[in-house]
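Examining the three-dimensional arrangement
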Amino acid sequence: MNKLIFILFMFMGLNVLSAQNIYDEVYRLVRDNNPDINSKKAANSLQLSEMRLENNLEDPEIEFGRVWGTNTPENKWDLSISQTFDFPSLYSSRRKALDAKRQSLEMDLNVLVVEKLQEAKLLLIELAYCNKLLSIQTSIMENLDSIQTMLAKGYQAGESTILDVNKAKIEYVNVCKTVAQTQSRESELLIELNALCGGHFTISDYDFGYPVQKLEDINYYYDCAKNNVVIAAYDAKIRSEIIGNKISKLESLPKITIGYQHEREGSDSFDGFKVGMTLPVFSLKGKARRAEDAILSLNYELDAARLSQIASIDSEYANITAIKWLLDRMSPVFNQTNHPELLHKAFLGGELSALDYLTELNYFRQAEAEYLLSEMDYFIALAKLNRYSERFI
């Protein structure tokens, strides 16, 4: 007996692992191939490359001039080479800004990745629902097919009425309709999932089951709302803008130009240097103010994001608690008893008439469908609640 129980738990564990494998595989495909994620990566790389270019030295300037006298055979020419430098501390500040921007873009990318993984998870959860619904409805369809054949023969032998035959046909058609609609929805979900995976998802012998997830205490989700990927992304943006604000102030300092100058007039040569200064009085007007406004705006957005997440947690936790309460009472009824199979045996054993069988079957079929729908709603609600938690996957 103990050996049998051990084997049963081993089998259940393998089923859970198989169900989880499809999630792990899809997450990998989404990370590697999703068009929006890859587009974001390329855009981030471009933005960082442009920032690196901003920290390059300006090109050196070379000037050559020659003039001729009107009443003299002598001429005059000059040559100068000069280089303009920003204020020295500006270069190191720009390197810090580049690092801060890189972190900000990485955090933004993480938010997008989580959103795409969440989309994939919700599609897989609905696929698991379709899988379960199809399994039950297909079994019922097969039973009804055999029963309507049996009733048709019974009608010819005078053992059943035309009402029994037609009732069985109607129930059979209703189940066929449910199966067809579920198969159609399953195809739509697979197409959407393949698009999320950038066209790299192929159907194999995966078990489309529900993900392994745990409902935590509500305080756990409150803690996650304080510092999840969304909050971290806002923090990184604010740090980047603060450094950008410092750069704006440094850019208002003068630029220095240093150069070598050579002049020749007739047989006389002159060598020397020149120093210039550029005062950015007009070109940077309002730039520092813009940076301060950006920081203020991001802080408001951060506060709004935190409040929005807390409100979502309260709403979603109340919803999932209600669904869980319902499932706890429905699970013993539907998970431990195969009602369509019991009804089928009762009918074949003569315990139920054809009309009683079809009436009871329709009742349990609808109840089973409602239970499966509630079960899917629970896992969807749990996925939404966990989307920004440390245990998202």
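Note that residues are indexed from 1 along each chain, following the sequence as it is written. Owing to the predicted nature of the model, reporting of local features is limited to residues with pLDDT of at least 70; listing and counting of side-chain atom pairs is limited to 80 or more, with chain, interface and lining totals taken over all residues. Only hydrogens and water are removed before side-chain values are computed, so all heavy atoms of the structure are retained for them.

1. A closer look at the overall build of the protein chain
To keep it simple, the criterion reads: Secondary structure is summarised from DSSP: a helix means a run of H or I of at least four residues, a strand means a run of E of at least two, and numbering begins at the N terminus for each. Burial status follows relative accessibility: with a 1.4 Å probe on protein chains alone, a residue under 20% of its type maximum counts as buried, one over 50% as exposed, and anything between as partly exposed. By the convention used here, residues are in contact when the closest approach between their heavy atoms is within 4.5 Å. Each accessible area is a Shrake-Rupley result for a 1.4 Å probe, and residues are judged covered by the shown protein chains and nothing else.
Helix and strand counts for the protein chain come out as 9 helices and 4 strands. For the protein chain, the α and β elements follow one another from N to C terminus as α-α-β-β-α-α-α-α-β-β-α-α-α. Per-residue burial for the protein chain yields a buried fraction of 37% across its 393 residues. A separation threshold of at least 6 residues defines the contact pool for the protein chain, and within that pool the share at least 24 residues apart is 81%. Working note: accessible area of the protein chain is about 23,200 Å², and carbon and sulfur atoms make up 56% of it.

2. Comments concerning helix 5 (residues 218–226)
Spelled out, the test is: Regarding the arc, it is the one traced by the directions from the helix axis to the C-beta atoms.
Taken together, the buried positions of helix 5 are occupied by Tyr220, Tyr221, Cys224 and Ala225. One side of helix 5 holds all its buried residues, which, seen down the axis, span an arc of 145°.

3. Things to note about the environment of isoleucine 170
The residue isoleucine 170 is located in helix 4 (residues 162–196) in this model. Of the residues examined, isoleucine 170 reaches a relative accessible area of 49% and is grouped as partly exposed. Isoleucine 170 sits 188 residues away from leucine 358 along the chain, and the two C-alpha atoms are 9.9 Å apart.

4. Concerning a nonpolar patch on the surface
Our working rule: Like-charged residues are merged into a patch within 9 Å and nonpolar side chains (Val, Leu, Ile, Met, Phe, Trp, Tyr) within 5 Å, provided each residue has over 30% relative accessible area and no salt bridge. Put simply, a salt bridge is a Lys or Arg side-chain nitrogen that is within 4 Å of an Asp or Glu carboxyl oxygen.
On the surface, a cluster of nonpolar side chains totalling about 420 Å² of accessible area is made up of Ile256, Ile258, Phe273 and Val275. Those elements giving two or more residues to the nonpolar patch turn out to be strand 3 (255–265) and strand 4 (268–278). Mapped onto the elements, isoleucine 256 comes out in strand 3.

5. Structural notes on the confidence of the model for the protein chain
Keep this limit in mind: What pLDDT expresses is the predictor's confidence in each residue, scored from 0 to 100.
Averaged over every residue, the pLDDT of the protein chain is 79; residues scoring 70 or more account for 81%. Long-range and interchain partners of residues 1–19, a stretch whose pLDDT sits below 50, account for 6 contacts in this model, where long-range means more than four residues apart.

6. Some thoughts on the nonpolar core
Rules: Among buried residues, those of type Ala, Val, Leu, Ile, Met, Phe, Trp, Tyr and Cys that are joined through side-chain atoms within 4.5 Å constitute a nonpolar core.
Among the nonpolar cores identified, the biggest contains 48 residues, and Val26, Val30, Leu124, Ile125, Leu193 and Phe201 are the most heavily contacted of them. Secondary structure elements with two or more residues in this core: helix 1 (2–33), helix 3 (89–156), helix 4, helix 5, helix 7 (287–335) and helix 9 (354–385). Tallying contributions element by element places helix 3 first for this core, with 13 residues. Beyond its immediate sequence surroundings of up to four residues, leucine 193 is in contact with Val26, Ala120, Leu123, Leu124, Leu127 and Phe201.

7. Concerning the packing of aromatic side chains
Here is the rule: Pairing of aromatic rings covers Phe, Tyr and Trp, the last through its six-membered ring, and needs centres within 6.5 Å; plane angles under 30 degrees mean stacked, over 60 mean edge-to-face, and all others mean tilted. Working rule: Lys NZ or Arg CZ, within 6 Å of ring centre, within 35 degrees of ring normal, means a charge sits over the ring.
Counted according to the given criterion, the structure contains 5 aromatic pairs. Ring geometry for tyrosine 378 against phenylalanine 379: centres 5.4 Å apart, planes inclined by 85°, an arrangement best described as edge-to-face. Relative accessible area serves as the criterion here: at 13%, tyrosine 378 is assigned to the buried category. Note on phenylalanine 379: relative accessible area 15%, which makes it buried. One aromatic cluster in this structure is built from Tyr210, Tyr378 and Phe379. Across the ring face of tyrosine 234, the terminal group of lysine 237 is positioned such that the distance to the ring centre comes to 5.4 Å.

8. A word on the side chain of glutamine 309
Relative to the assigned elements, glutamine 309 resides in helix 7. By relative accessible area, which is 10% here, glutamine 309 ends up buried. If sequence neighbours within four positions are ignored, glutamine 309 has contacts with Ala225, Asn228, Val230, Ile231 and Tyr388.

9. Quick notes on the packing of helix 3 against helix 4
For clarity, the cut-off: Fitted lines through C-alpha atoms serve as axes, helices being fitted only where they are in contact, and the angles separating the N-to-C directions of these axes extend from 0 to 180 degrees. Should an angle fall under 35 degrees it is called roughly parallel, over 145 degrees roughly antiparallel, and 65 to 115 degrees roughly perpendicular, with every other angle called oblique. Left-handed describes a crossing in which the near helix is turned anticlockwise from the far one by less than a right angle; the clockwise case is right-handed. Throughout, the ten residues Ala, Val, Leu, Ile, Met, Phe, Trp, Tyr, Cys and Pro are labelled nonpolar, Asp, Glu, Lys and Arg are labelled charged, and all others, Gly among them, are labelled polar.
Close contact between helix 3 and helix 4 brings their axes to 8 Å; oriented N to C, the two are set at 160°. By the angle class used here, helix 3 and helix 4 are roughly antiparallel. In this structure, helix 3 crosses over helix 4, and the sense of that crossing is left-handed. Taken together, the residues of the contact of helix 3 with helix 4 sort by class into 24 nonpolar, 7 polar and 10 charged.

10. Quick word on the environment of asparagine 245
With respect to the secondary-structure elements, asparagine 245 resides in helix 6 (residues 229–251). The spatial distance from the C-alpha of asparagine 245 to the C-alpha of arginine 290 is 8.5 Å, given a sequence separation of 45 residues.

11. Regarding the environment of glycine 272
Relative to the assigned elements, glycine 272 resides in strand 4. Sequence-distant contacts of glycine 272, defined by excluding residues within four places in its chain, comprise Gly259, Tyr260 and Gln261.

12. What about the pattern of salt bridges?
If you walk through the whole model with that rule in mind, you get 13 salt bridges. With its nearest N and O atoms 2.7 Å apart, the salt bridge here joins glutamate 25 to arginine 28. You can see glutamate 25 and its partner arginine 28 sitting in helix 1, 3 residues apart, about one turn around the helix. What makes glutamate 25 partly exposed here is its relative accessible area of 22%. Given a relative accessible area of 40%, arginine 28 falls into the partly exposed group. Arginine 28 is paired through a salt bridge with aspartate 32; the nearest N and O atoms lie 3.6 Å apart. Here the residue arginine 28 and the residue aspartate 32 both occupy positions in helix 1, the gap between them amounting to 4 residues, near one helical turn.

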